[in-house]
Amino acid sequence: MSVLLSEEERALRDTVRSFLDKKIAPLVSDHEQARTFPWDLLAELYQFGYVRGGVPESLGGDELPMMMQAILMEEAGRCWGSLRTTLNVQGMVARTLAAAGTQAQRDTFLDPVMAGQRFGWFGLTEPDAGSDAGSLRTRARREGDGYVVNGSKIYITNALGCDFGILFVRVIEDEVDRGVTALLVDPAESSFQVRDIPHMPLRSTTSCELTFDNTYVPAENVLGEIGGGLSLGMKAVNAGRLNMAMGAVGLAQACLEESIRFCKQREQFGKTIAAFQLVQQMVVEIASLTETSRLLGYHAARTLDAGEPGRYECSMAKLYCGESAGRAATLALQLHGGAGLMEESPVERYFRDAREATIPEGTSQIQILHLGKALLGHSALR
Ligand SMILES: Cc1cc2nc3c(=O)[nH]c(=O)nc-3n(C[C@H](O)[C@H](O)[C@H](O)COP(=O)(O)OP(=O)(O)OC[C@H]3O[C@@H](n4cnc5c(N)ncnc54)[C@H](O)[C@@H]3O)c2cc1C
């Protein structure tokens, strides 16, 4: 695969992989067991371009090409799903602040995020507005010098763990719905409830329900234009799709490496199971899924770097890489026999984490509908 990367891109991949293997991988098992996350180590990772890579240099970021960011997410996914998703959300928060934040908002939120001193959540989904994100109902009513928010959000990654958030609401002014708008919500000035919902994958993240009951948010915390929140959020989600796709490529790569290691050392019927044809078939299928996924992900990244919108390519990568990671993890688990179902084996975690790859940032079905519309000119969404 190296022929697809420039010398600089290969160097980035190798350096990050070596850092993650040495510094992060040994911590994963204990954190997953305890359902904790090493927040204090994130700043050290940002030196490679995580989170800062999506922010222009003029705002203090690293402004990396999407191809470099794709490589970073692939390596994070190979190491640890909870790390990949945490970095992805921090990247979405940073990009959104960079795109729409005022100088004061950048000072208070973006600069500390890029320094790994503050962490943000990204709150779009609601109990009754998932795939149909535009139908969200959380309301922010203008009152005096601020807004009073009522409603709830669900499945918000790391809302317990982060210290502020970007909240998507419907702004109501003079009884008129002004549209979906992003608000910066800081618990130091706005009070709301957070509840972690126990979940199967990504055990070192929290997946939270947020409840806003007459929560006050100052007017200076409006992020971007009133009514401009949905397009702001969707821009972040488009890049998030590619990041999720590349995380899935990394997860499939981890399944491949662990499967090769295992089947070379496991012996049955007097020989290594690597010599059995049906075992080889499983390994080759994992390898094929991994390599084809990688090609689609890199293609989407190069398309964005060429200045194209890349929505079709990102959707296809998200669909294919997410579904392929699930199949790769299923095969890896099967190849491990009983050992694959034990928490001592990393493939038990890969299997759980792979189930997440087809749901957030638009489910596989929603990606199919985007692709169908692009190919056929008819929307089947509604
Ligand atoms: C681990 C995890 C982390 C998440 N983190 C965040 C986060 O940080 N911030 C955030 O805002 N959200 C987050 N989400 C929410 C995520 O974006 C939603 O779960 C996702 O958009 C799907 O919405 P839903 O779960 O309500 O499913 P639904 O929209 O209810 O879909 C249910 C099923 O119906 C299908 N479906 C829906 N509409 C159609 C249609 N028109 N045609 C065909 N099939 C359809 C879907 O594909 C799915 O199979 C997270 C979710 C998970 C699981």
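Residues numbered from 1 in each chain as written. Predicted model: local features only at pLDDT ≥ 70, side-chain atom pairs only at ≥ 80, totals over all residues. Heavy atoms only, no water.

## Some points on the side chain of Arg203
Note the threshold: For the purposes of this entry, the term helix denotes a DSSP run of H or I that reaches at least four residues, the term strand denotes a run of E that reaches at least two, and both are numbered from the N terminus. What makes two residues a contact is simply this: any of their non-hydrogen atoms within 4.5 Å.
Here Arg203 shows up in the loop between strand E6 (193–196) and strand E7 (207–218). Not counting residues up to four positions away in its chain, the partners in contact with Arg203 are Glu32, Arg35, Ser82, Glu343 and Arg352.

## Overview of the nonpolar core
For the record, the criterion: We define a nonpolar core as any set of buried Ala, Val, Leu, Ile, Met, Phe, Trp, Tyr and Cys residues linked to one another through side-chain atoms lying within 4.5 Å. Each residue's exposure class comes from its accessible area (1.4 Å probe, protein chains only) as a fraction of the maximum for that residue type: buried when under 20%, exposed when over 50%, partly exposed otherwise.
Within the largest apolar cluster, 107 residues are counted, with the highest numbers of intra-cluster contacts made by Tyr50, Leu83, Leu87 and Trp121. Ranked by residue count, the leading element in this core is helix H6 (residues 229–265), at 15 residues. Residues within four places of Leu87 in sequence aside, it is in contact with Leu42, Leu45, Tyr46, Tyr50, Val51, Met73 and Ala76.

## Quick word on helix H1 (residues 7–34)
Cut-off, in case you're wondering: Residue count minus one, scaled by 1.5 Å, sets the expected span of a helix. A residue's bend is simply the angle between two axes: one fitted to the seven residues ending at it, one to the seven starting at it.
Over its 28 residues, H1 runs 39 Å from end to end, which matches the ideal 40 Å to within 8%, given 1.5 Å per residue. Maximal helix bending in H1 amounts to about 45 degrees, located at Ile24; proline Pro26 follows within four positions. Among all positions of H1, only Glu9, Leu12, Arg13, Val16, Phe19, Leu20, Ile24, Val28, His31 and Glu32 are buried. Those residues of H1 that are buried lie in contact with helix H2 (42–45), helix H3 (66–79), helix H4 (81–100), helix H7 (277–305) and helix H9 (346–354). Arg35 sits one or two residues past H1 and shows a positive phi near 55 degrees.

## Focus on the domain arrangement of the protein
Short version of the rule: The domain boundaries here were taken from an automatic or database domain assignment. Here the quantity called buried area is the accessible surface, traced with a 1.4 Å probe, that two parts lose on coming together, added over both.
With domains assigned, the protein is organised as domain 1 (2–119), domain 2 (121–226) and domain 3 (231–376). The distance between the C-alpha centroids of domain 2 and domain 3 comes to 31 Å. Taken residue by residue, the interface counts 11 residues in domain 2 and 12 residues in domain 3. Together, the buried faces of domain 2 and domain 3 total about 880 Å²; carbon and sulfur atoms form 73% of this surface. Three residues stand out in domain 2 for area buried against domain 3, namely Met200, Leu202 and Arg203, and they jointly supply 45% of the buried area on that side.

## Considerations on the site of the ligand
For clarity, the threshold we go by: In this text, near means that some heavy atom of the residue lies within 4 Å of the molecule or strand in question. In protein, a polar contact requires one atom able to donate a hydrogen and another able to accept it; more generally it is a pair of N or O atoms within 3.5 Å, and residues adjacent in sequence count only if both atoms are side-chain atoms. Where accessible areas are quoted, they stem from the Shrake-Rupley method and a 1.4 Å probe; at the residue level, only the protein chains shown are allowed to cover. Throughout this entry, Asp, Glu, Lys and Arg are counted as charged residues, while Ala, Val, Leu, Ile, Met, Phe, Trp, Tyr, Cys and Pro are counted as nonpolar. The remaining residues, Gly among them, count as polar.
Taken together, 18 residues lie around the ligand, and Phe122, Thr125, Ser131, Thr157 and Thr363 are the ones closest in. Within the side chain of Ser131, an N or O atom sits 2.6 Å from an oxygen atom of the ligand. Between Gln365 and the ligand, the recorded distance is 2.8 Å, taken from a side-chain N or O atom to an oxygen atom. Starting from 970 Å² of accessible surface for the ligand in isolation, the protein chains cover 65%. Listing elements by their share of the shell around the ligand, those giving two or more residues are strand E1 (120–123), strand E3 (146–157) and helix H10 (364–376). When its residues are assigned to classes, the shell around the ligand shows 9 nonpolar, 7 polar and 2 charged.

## Some details on the pattern of salt bridges
How we decide: A side-chain nitrogen of Lys or Arg and a carboxyl oxygen of Asp or Glu constitute a salt bridge if their distance falls within 4 Å.
This structure, assessed with the given rule, holds 23 salt bridges. Glu126 serves as the salt-bridge partner of Lys153, at 2.9 Å between the closest nitrogen and oxygen. In this pair, Lys153 is assigned in strand E3 and Glu126 in the loop between E1 and strand E2 (139–143), connecting sequence segments 27 residues apart. The residues Lys153 and Glu126 share a single accessibility class, namely buried. In this structure, Asp128 engages Arg137 in a salt bridge whose closest nitrogen and oxygen atoms are separated by 3.5 Å. Note on Arg137: relative accessible area 54%, which makes it exposed. Members of the salt-bridge network, linked through shared partners, are Arg17, Asp21, Glu75, Arg78 and Glu257.

## Regarding the packing of aromatic side chains
Spelled out, the test is: In this analysis, rings of Phe, Tyr and Trp, with Trp reduced to its six-membered ring, are considered paired at centre separations within 6.5 Å, and the interplanar angle assigns stacked below 30 degrees, edge-to-face beyond 60, and tilted for intermediate values.
All chains considered together, the criterion is met by 9 aromatic pairs. Aromatic side chains Trp121 and Phe192 sit 6.0 Å apart centroid to centroid with 75 degrees between the ring planes, which places their arrangement in the edge-to-face category. Residue Trp121 is located in strand E1, and its partner Phe192 is located in the loop between strand E5 (176–185) and E6; the two are separated by 71 residues in the primary sequence. Residue classification places Phe192 among the buried positions, given a relative accessible area of 18%. An aromatic cluster of three or more residues is present, and its members are Phe37, Trp39, Trp80 and Phe119.

## Some details on the pairing of E3
Heads up, the condition is: DSSP bridges decide pairing: two strands pair if at least two such bridges lie between them.
Alignment of E2 against E3, held across 5 bridges, turns out to be antiparallel. Pairing of Glu143 across the sheet is with Gly146, part of E3. The turn joining E2 and E3, which pair antiparallel and follow one another in sequence, is formed by 2 residues; a positive phi near 60 degrees is taken by Gly144.

## Side note on the packing of H6 against H9
So the rule is basically this: A fitted line through C-alpha atoms represents every axis, and for helices the fit uses only the stretch in contact; the resulting angles, taken between N-to-C directions, go from 0 to 180 degrees. We call two directions roughly parallel when the angle between them is under 35 degrees, roughly antiparallel when it is over 145, roughly perpendicular when it lies between 65 and 115, and oblique otherwise. Crossing handedness follows the turn of the near helix against the far one: under a right angle anticlockwise gives a left-handed crossing, and clockwise gives a right-handed one.
Remark: H6 packs on H9, axes separated minimally by 10 Å, with the N-to-C direction vectors making an angle of 155 degrees. Relative to H9, the element H6 is oriented roughly antiparallel. Every pair of crossing elements has a handedness; the one defined by H6 and H9 is left-handed. Of the residues in H9, those in contact with Leu251, Ala254, Cys255 and Glu258 of H6 are Pro346, Val347, Tyr350, Asp353 and Ala354. Here the residues of the contact of H6 with H9 are counted per class, giving 7 nonpolar, no polar and 2 charged.

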